[in-house]
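The residues making up each chain are set out below.
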Amino acid sequence: MEQTKIIELTRAMIDIESITGNESEFVHFLETYLQHRGWTTHLQQVAPQRPNLYATKPSLTNPEQRPRIIINSHTDTVPPFIESSVRDGCIYGRGACDTKGIIAGQLLALERLEEEGFDMADVALLYVVGEEVSHDGMIAANKLEINPEFLIVGEPTYVCVLLV
């Protein structure tokens, strides 16, 4: 069941072309997905048709609570667009590991934590445009002044954990 969910969500994401400069459709997919699961979403326009997505869940006990943890990744991919496929138990396609598969994993992990009673008001999501070229999405996101205690970045570059 869990394996089917991650494959289906990852493939749905991969099949939305989001080469740098054309991230809007994928961001709106994420926005709709999150809103249907009770997240409050905010789009930050970085450039025309290029929004960052910031999402939170309100605290049930403290309406002033700010997120302590930001889960982050980027919504753009490098060219060319390659649609999804599954072969020998592996998902292929542009963004499968950088970073649509990561985003799918983040979202499903958070859904699982919520099912187990984790206070989702401690977590926010920040998905930014333009990582593959200029980082203009993250530069713009700094203006949101979120300032979490922890930032978890889903990015496979160098495949290592960095503590700052």
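Heads up: the structure comes first, above all this text.
Residues numbered from 1 in each chain as written. Predicted model: local features only at pLDDT ≥ 70, side-chain atom pairs only at ≥ 80, totals over all residues. Heavy atoms only, no water.

Draft legend 1. Up close: the overall build of the chain. Within the chain, the regular secondary structure consists of four helices and seven strands. Here the chain has a C-alpha radius of gyration of 15 Å; the compact-globule value for 164 residues is 15 Å, and the two agree. Here the C-alpha coordinates of the chain stretch approximately 45 × 40 × 30 Å along the principal axes. By residue count, 40% of the 164 residues in the chain fall in the buried class. (Helix = DSSP H or I, 4+ residues; strand = E, 2+ residues; numbered from the N terminus. Rg over C-alpha atoms; globule rule 2.2 N^0.38 Å. Buried < 20%, exposed > 50% of the residue type's maximum accessible area, 1.4 Å probe, protein only.)

Draft legend 2. Molecular detail of the layout of surface pockets. Counted as a void, the second largest pocket has a volume near 160 Å³. Lining the second largest pocket we find Ile-70, Leu-126, Met-138, Ala-141, Asn-142, Glu-145, Ile-146, Asn-147, Pro-148 and Leu-151. (1 Å grid on protein atoms, 1.4 Å probe; cavity = no way out; pocket = protein on both sides within 12 Å on 5 of 7 lines; lining within 4 Å. Points joined across faces, edges and corners; volume = space filled by probe spheres on them.)

Draft legend 3. A look at the packing of helix H1 (residues 2-14) against helix H3 (residues 100-115). H3 packs onto H1 with a crossing angle of 135° between their chain directions and a minimal axis gap of 9 Å. Classified by the interaxial angle, the pair formed by H1 and H3 is oblique. Here the hand of the crossing between H1 and H3 comes out right-handed. Here Glu-2, Lys-5, Ile-6, Leu-9, Thr-10, Met-13 and Ile-14 of H1 lie close against H3, whose contacting residues are Lys-100, Gly-101, Ile-103, Ala-104, Gly-105, Leu-107, Leu-108, Glu-111 and Arg-112. Grouping the amino acids of the contact of H1 with H3 by side-chain chemistry returns eight nonpolar, three polar and five charged. (Axes fitted to C-alpha atoms, helices over the stretch in contact; angles between N-to-C directions. Parallel < 35°, antiparallel > 145°, perpendicular 65-115°, else oblique. Left-handed = near helix turned anticlockwise from the far one by under 90°. Contact = heavy atoms within 4.5 Å. Nonpolar A, V, L, I, M, F, W, Y, C, P; charged D, E, K, R; others polar.)

Draft legend 4. How the structure looks around the packing of aromatic side chains. A full pass over the atoms with the stated rule returns two aromatic pairs. When the centroid spacing of 6.4 Å and the interplanar angle of 15° are considered together, the rings of Phe-26 and Phe-29 count as stacked. A residue pair is termed a helical-turn pair when its members lie 3 or 4 positions apart in one helix, as Phe-26 and Phe-29 do in helix H2 (residues 24-35) at three residues. Using a relative accessible area of 0% as the deciding quantity, one classes Phe-26 as buried. (Phe/Tyr/Trp six-rings, centres within 6.5 Å; stacked < 30°, edge-to-face > 60°.)

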